[in-house]
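Below, each chain spelled out in residue letters.
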Amino acid sequence: MSKTPVILYIEDNLENRKLVSRLLTASGFEIHTAVDGPDGLTYVQEQTPDLILMDISMPAMDGYTVTTKMRQLPHLDQTPIIALTANVMKGDRERSLKAGCDGYIQKPISVDTFPAQLNAFLARGRLSSPT
Ligand code: MN
C-alpha cells in the first residue's frame, strides 16, 4: 500500500475546514489546515504536501495570489494545487489555471464524490501545460 496522501487545505471558513477535515480523515488522507494564505505559505516553507486544496475567496490574500507565490517554490513543482471556490463567475477556472492551479472543484463539495475527485487529481499529478 502506498503512503497516506498528505493534503494541505487553505480555507478561511471554520465550518468548511471542519467538514473537509472530517471527510478526508475518514477517507484515509492526512490533512493539514491553514486559516489563510500567509498561514499556508508558512506551512509549505518546511513541508511538501502531496496536494494543496486552495480556497479562492479569502480576506487579505486571495487564493490566486497564494497560488502564484507557491508556484515560485521549486520544491512544490510536483504538487497539484486544486482551486476550491463557490465563485461561479465566468473566467474563474481560467484565472485559477493561469495562477498555477491544476484543477478546480466547485463548492459546495459533494461528500460522496470529493475523496474520489482528490484521488483522481493525485493520480494525474500536475498539468503539463498549466496555462
Ligand atoms: Mn473563503
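Here, every reference points to the structure presented above.
Cut-offs applied
Residues numbered from 1 in each chain as written. Predicted model: local features only at pLDDT ≥ 70, side-chain atom pairs only at ≥ 80, totals over all residues. Heavy atoms only, no water. Salt bridge = Lys/Arg side-chain N within 4 Å of Asp/Glu carboxyl O. Helix = DSSP H or I, 4+ residues; strand = E, 2+ residues; numbered from the N terminus. Buried < 20%, exposed > 50% of the residue type's maximum accessible area, 1.4 Å probe, protein only. Donors = N, O, S within 2.8 Å, 3.2 Å for Na, K, Ca; no water. Contact = heavy atoms within 4.5 Å. Pairing = 2+ DSSP bridges. Right-handed = clockwise from strand over helix to strand, strands pointing away. Axes fitted to C-alpha atoms, helices over the stretch in contact; angles between N-to-C directions. Parallel < 35°, antiparallel > 145°, perpendicular 65-115°, else oblique. Nonpolar A, V, L, I, M, F, W, Y, C, P; charged D, E, K, R; others polar.

## Some words on the pattern of salt bridges
And step 1. Under the counting rule described, the total for this entry stands at six salt bridges.
And step 2. Between Asp-50 and Lys-3 there is a salt bridge; the shortest N-O distance is 2.9 Å. Pair noted here: Asp-50 is in the loop between helix H2 (37–46) and strand E3 (51–55) and Lys-3 is in the segment before strand E1 (6–10), with a separation of 47 residues, a long-range link.
And step 3. Judged by relative accessible area, which is 24%, Asp-50 ranks as partly exposed.

## A look at the coordination of the manganese ion
In ideal tetrahedral geometry, four donors around a metal make angles of 109.5 degrees, whereas ideal octahedral geometry with six donors gives angles of 90 or 180 degrees.
And step 1. Those donors, Asp-12 (OD), Asp-55 (OD) and Ser-57 (O), are the protein atoms that reach the manganese ion, and they lie 2.1 to 2.2 Å from it.
And step 2. Mapped onto the polypeptide sequence, the residues donating to the manganese ion form the spacing pattern D-x42-D-x1-S. Of this pair, Asp-12 sits in the loop between E1 and helix H1 (14–26) while Asp-55 sits in strand E3; the two residues are 43 residues apart in sequence, bridging distant segments of the chain.
And step 3. Residue classification places Asp-12 among the partly exposed positions, given a relative accessible area of 32%.
And step 4. By relative accessible area, which is 2% here, Asp-55 ends up buried.

## Let's talk about the environment of Ile-52
And step 1. Looking at the element boundaries, Ile-52 is found in strand E3.
And step 2. Residues Ile-52 and Ile-7, 45 residues apart in the sequence, show an inter-C-alpha distance of 5.7 Å.
And step 3. If we skip the residues at most four places from it in the chain, Ile-52 touches Leu-8, Ile-10, Val-44, Met-70, Leu-76, Thr-79, Pro-80, Ile-81 and Ile-82.

## Observations regarding the side chain of Thr-67
And step 1. Topologically, Thr-67 is positioned in helix H3 (residues 63–70).
And step 2. In this view, Thr-67 contacts Met-54, Ile-81, Ala-99, Gly-100 and Cys-101; residues no more than four positions away in its chain are not counted.

## Comments concerning the pairing of strand E4 (residues 81–85)
In the case of a regular strand, side chains alternate between the two sheet surfaces.
And step 1. Of all five residues making up E4, five are buried, and the element is well covered by its neighbours.
And step 2. On E4, burial covers both faces: Ile-81, Ala-83 and Thr-85 on one face and Ile-82 and Leu-84 on the other are all buried.
And step 3. As paired strands, E3 and E4 are joined by four bridges and run parallel to one another. Bridge pairing in E4 links Asp-55 to Leu-84.
And step 4. As a crossover connection, the stretch from E3 through H3 into E4 is right-handed.
And step 5. Summarising the sheet, E4 and strand E5 (residues 103–106) pair through four bridges and their orientation is parallel. Across the sheet, Leu-84 pairs through a bridge with Ile-105, a residue of E5.

## Considerations on the packing of H1 against helix H5 (residues 114–124)
In a packed pair of helices, the relevant descriptors are the angle between the two axes and the axis-to-axis distance.
And step 1. Packing of H1 against H5 brings their axes to within 10 Å, and their N-to-C directions diverge by 70 degrees. Taken together, the axis directions place H1 and H5 in an arrangement best described as roughly perpendicular. Contacts from Val-20, Leu-23 and Leu-24 of H1 reach H5 at Phe-114, Pro-115 and Leu-118.
And step 2. Of the residues contributing to the contact of H1 with H5, the split by class is six nonpolar, no polar and no charged.

That is the geometry; function is a separate question.
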